[in-house]
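# Remarks on the overall topology
What follows is the residue order along each chain.
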Amino acid sequence: RADVALARGAAEVARVELDDAKKDLQKQRDALLNAQVAGVEGRVLLATGAPADAAKMFDRQAGLLKSDARFREMALTLARAGEAYQQAEAFTKAGDRFYRAARSLYAQGDELEALKMIQAALAAAEKSGDEKFLKRIATLFEEVRHRVESVKKPPAESSNEQPGN
């Protein structure tokens, strides 16, 4: 119900619905269910103008998704946390979340999404002015680029074959 209220632009109604749901779920030990609640809370916090608090909720959601072995969702949630940290002008934290999302997506074999996260991490790192972090991001970019280029290369022709045969 909180998600529906958010979709309708009623952030305060969403907050009330979320509080009610949290009371009902406090005793639950289900990581996925708690991750979903953290995600809704993050979206409510974003809608009410609290991006730093929203980012913390997305961090919590990512941790819960990781514990439930939902790695793709975890990576995308880390990116959501990065976006929220950017809105809060916490560029070092934003860059870190984008970087972690990129590493995870790269490990999962999704080089295209990893490159998008690397681009976001670079933008945040440039705003933070952290030269060491920029170098780490550049190293990851080179790893991803190398994998993509090695996949694109056609197999080498055998040197024993003559042209035209």
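So, here's what we can say about the structure. (Residues numbered from 1 in each chain as written. Predicted model: local features only at pLDDT ≥ 70, side-chain atom pairs only at ≥ 80, totals over all residues. Heavy atoms only, no water.)

### Quick notes on the nonpolar core
Across soluble globular proteins, you tend to see nonpolar side chains buried next to one another. This is how the line gets drawn: To form a nonpolar core, buried Ala, Val, Leu, Ile, Met, Phe, Trp, Tyr and Cys residues must be joined to one another through side-chain atoms within 4.5 Å. Note on classification: 1.4 Å probe, protein chains only; a residue is buried when its accessible area is under 20% of the maximum for its type, exposed when over 50%, partly exposed between these limits. Each helix is a run of DSSP H or I of at least 4 residues and each strand a run of E of at least 2, with the numbering of both proceeding from the N terminus. In what follows, residue pairs with any heavy atoms lying within 4.5 Å of each other are defined as contacts.
Counting residues in hydrophobic clusters, the biggest one holds 36 residues, and the most contacted among them are F98, Y99, M117, I118, I137 and L140. Elements with a minimum of two residues in this core: α3 (31-47), α4 (51-67), α5 (71-87), α6 (91-107), α7 (111-128) and α8 (131-152). Leave out the neighbours within four places in its chain, and M117 touches A79, F98, A101, A102 and L105. Formed by five residues, the second largest nonpolar core is a distinct cluster that contains A14, V37, V40 and V44.

### A closer look at the packing of aromatic side chains
The line we're drawing: Aromatic rings from Phe, Tyr and Trp, taking only the six-membered ring of Trp, are treated as a pair when their centres fall within 6.5 Å; an angle between ring planes under 30 degrees marks them as stacked, one over 60 as edge-to-face, and anything in between as tilted. Geometrically, a lysine NZ or arginine CZ counts as sitting over a ring once it is within 6 Å of the ring centre and also within 35 degrees of the ring normal.
All told, the structure shown has one aromatic pair when counted by the stated rule. Here Y99 and F133 contribute two aromatic rings whose centre-to-centre distance is 5.6 Å and whose plane-to-plane angle is 65°, an arrangement assigned as edge-to-face. Of the two residues, Y99 is situated in helix α6 and F133 in helix α8; the sequence distance between them amounts to 34 residues. The burial state of Y99 is the same as that of F133; both residues are buried. The side chain of R80 reaches across the aromatic face of F58, ending 5.6 Å from its centre.

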